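Inside the fold
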Amino acid sequence: IGLGDPADGGRPGGELLGLGDRPYLVSVGRVDDHKGSAMLDAFFRRYKARRPGPLALALVGRVYSDIEPHPDVVVTGEVDDPTKWDLLRDAMAAVSPSALESFSIAIMEAWEQAVPVVVNALCEPTRDHCAHSGGGLWFGSYRQFEVVIDRLVADAELRRRLGASGRAYVQEHYQWPALTTRYARFLEHVVERGA
């Protein structure tokens, strides 16, 4: 499916989360152990123990797994689309911790907002999207997670480049004009084969 134009309300994401102007990572999707939420939560808590500072984590989506309270972790539950776009737009990066995605709309939506993404290295489809687009980084262990987050925290230009590359990738491959052209070619090919 194609991505529509994001309808953001122009509200600061940090304020919506009660974080003020603190930087934050966002993970959009089911808060579920099967989606990697427990691993992300554990990795982030370990990261914060080793790297005290203002960085926070927002888990945005329907909650299926319990997340213990933590001063730097915000669990929003489900939000409406304008709120989701506002939270994505202002995030330092979007994290997709799942190892079991065939395609991730959440990372495409982050890239639509020119936000870099961080994905689970065990998830080949999302890792491949990051590699082909130049729009994100990946981790396969806590140590890799720490290195990736350290790089993103320290380098605003890297974040800008990754986000811009991801946005260009979405614009080229996943907006309606590109998709309708591909579908038209596919249908023409089917008709030709049937003739």
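Our subject is the structure listed above.
In this convention, every chain numbers its residues from 1, walking through the sequence in written order. In keeping with the model being predicted, local features are shown solely for residues with a pLDDT of at least 70 and side-chain atom pairs are shown and tallied solely at 80 or more, while totals for entire chains, interfaces and linings include all residues. Water and hydrogen atoms were dropped before computing side-chain values, which therefore reflect all heavy atoms in the structure.

Per the convention used, a helix needs a DSSP run of H or I reaching at least four residues, while a strand needs a run of E reaching at least two, with both numbered from the N terminus. Secondary structure assignment for the protein chain yields eight helices and six strands. Along the protein chain, helices and strands appear, N-terminal first, in the series α-β-α-β-β-α-β-α-β-α-β-α-α-α. Whether a residue is buried, partly exposed or exposed follows from its accessible area with a 1.4 Å probe, protein chains only, as a fraction of its type maximum: under 20%, in between, or over 50%, in that order. Out of the 195 residues in the protein chain, the part that is buried amounts to 45%. Look at the contacts in the protein chain between residues 6 or more apart in sequence, and 65% of them connect residues 24 or more apart. If you sum the accessible surface of the protein chain, you get close to 9,900 Å²; carbon and sulfur atoms cover 53% of it. Here a residue-residue contact requires only that any non-hydrogen atoms of the pair lie within 4.5 Å. Each accessible area is a Shrake-Rupley estimate made with a 1.4 Å probe; only the visible protein chains count as cover when residues are assessed.

Moving on to the layout of surface pockets. The rule is simple: put a 1 Å grid over the protein atoms alone, call a set of points where a 1.4 Å probe fits but cannot get out a cavity, call an open set with protein on both sides within 12 Å along at least five of seven lines a pocket, and count a residue as lining if it has an atom within 4 Å of a point. Grid points are joined across faces, edges and corners, and a volume is the space filled by probe spheres set on the points. Put simply, the largest pocket is a space of about 470 Å³. If you go around the largest pocket, you meet 23 residues; those closest to its centre are V28, G29, R30, V60 and A106. Breaking the lining of the largest pocket down by element, the ones donating at least two residues are β1 (24-28), β2 (56-60), α3 (81-89) and α4 (105-112). Top element by residues in the lining of the largest pocket is α4. It accounts for three residues. The classification used treats Ala, Val, Leu, Ile, Met, Phe, Trp, Tyr, Cys and Pro as nonpolar, Asp, Glu, Lys and Arg as charged, and all other residues, Gly among them, as polar. Grouping the constituent residues of the lining of the largest pocket by class yields eight nonpolar, seven polar and eight charged.

A word on the side chain of D41. Positionally, D41 belongs in helix α2 (residues 37-50). The exposure class of D41 is buried, given its relative accessible area of 9%. Beyond its immediate chain neighbours, meaning those up to four positions away, D41 contacts I67 and V73.

What follows covers the pattern of salt bridges. Within this document, salt bridges are pairs made up of a side-chain nitrogen of Lys or Arg and a carboxyl oxygen of Asp or Glu, the two lying within 4 Å of each other. As enumerated under the stated definition, the model contains 17 salt bridges in all. The salt bridge involving R51 is made with E146; its shortest N-O contact spans 3.2 Å. Remark: E146 occurs in helix α6 (residues 142-154) and R51 occurs in the loop between α2 and β2; sequence separation between them is 95 residues. By relative accessible area, R51 is classed as partly exposed at 30%. Here E146 falls in the buried class, since its relative accessible area comes to 6%. Between R89 and D90 there is a salt bridge, with the nearest N and O atoms lying 2.8 Å from each other. Residues participating in the shared-partner salt-bridge network are R50, R51, R143, E146 and D150.

What follows is about empty space enclosed by the protein. Counted according to the given criterion, the structure contains one cavity of 30 Å³ or more. Looking at the largest cavity, its volume works out to about 40 Å³. Residue lining of the largest cavity: V26, S27, V28, L88, A94, V95, S96, A106, I107 and A110, and that is the complete set. Elements with a contribution of two residues or more to the lining of the largest cavity: β1, β4 (93-96) and α4. Residue composition of the lining of the largest cavity, grouped by class: eight nonpolar, two polar and no charged.

It is worth spelling out the sheet that holds β2 at this point. Taken in spatial order, the six strands line up as β3-β2-β1-β4-β5-β6 in an open sheet, and their pairing is parallel. Two strands lie at the open edges of the sheet, namely β3 (73-77) and β6 (136-139), each paired on one side alone. Each adjacent strand pair in this sheet contributes to an overall mean axis angle of 25 degrees, direction not counted. In this analysis, strands are considered paired if DSSP registers two or more bridges between them. The sheet contact formed by strand β5 (residues 117-120) and β6 spans four bridges and is parallel. Each residue of the ladder has a partner; that of N120, found in β6, is F139. In the packing of α6 onto the sheet, contacts are made with β1, β4, β5 and β6, and the angle to β6 comes to roughly 155 degrees. Axis lines are fitted to C-alpha atoms, over the contacting stretch for helices. Their N-to-C directions set the angle, which ranges from 0 to 180 degrees.

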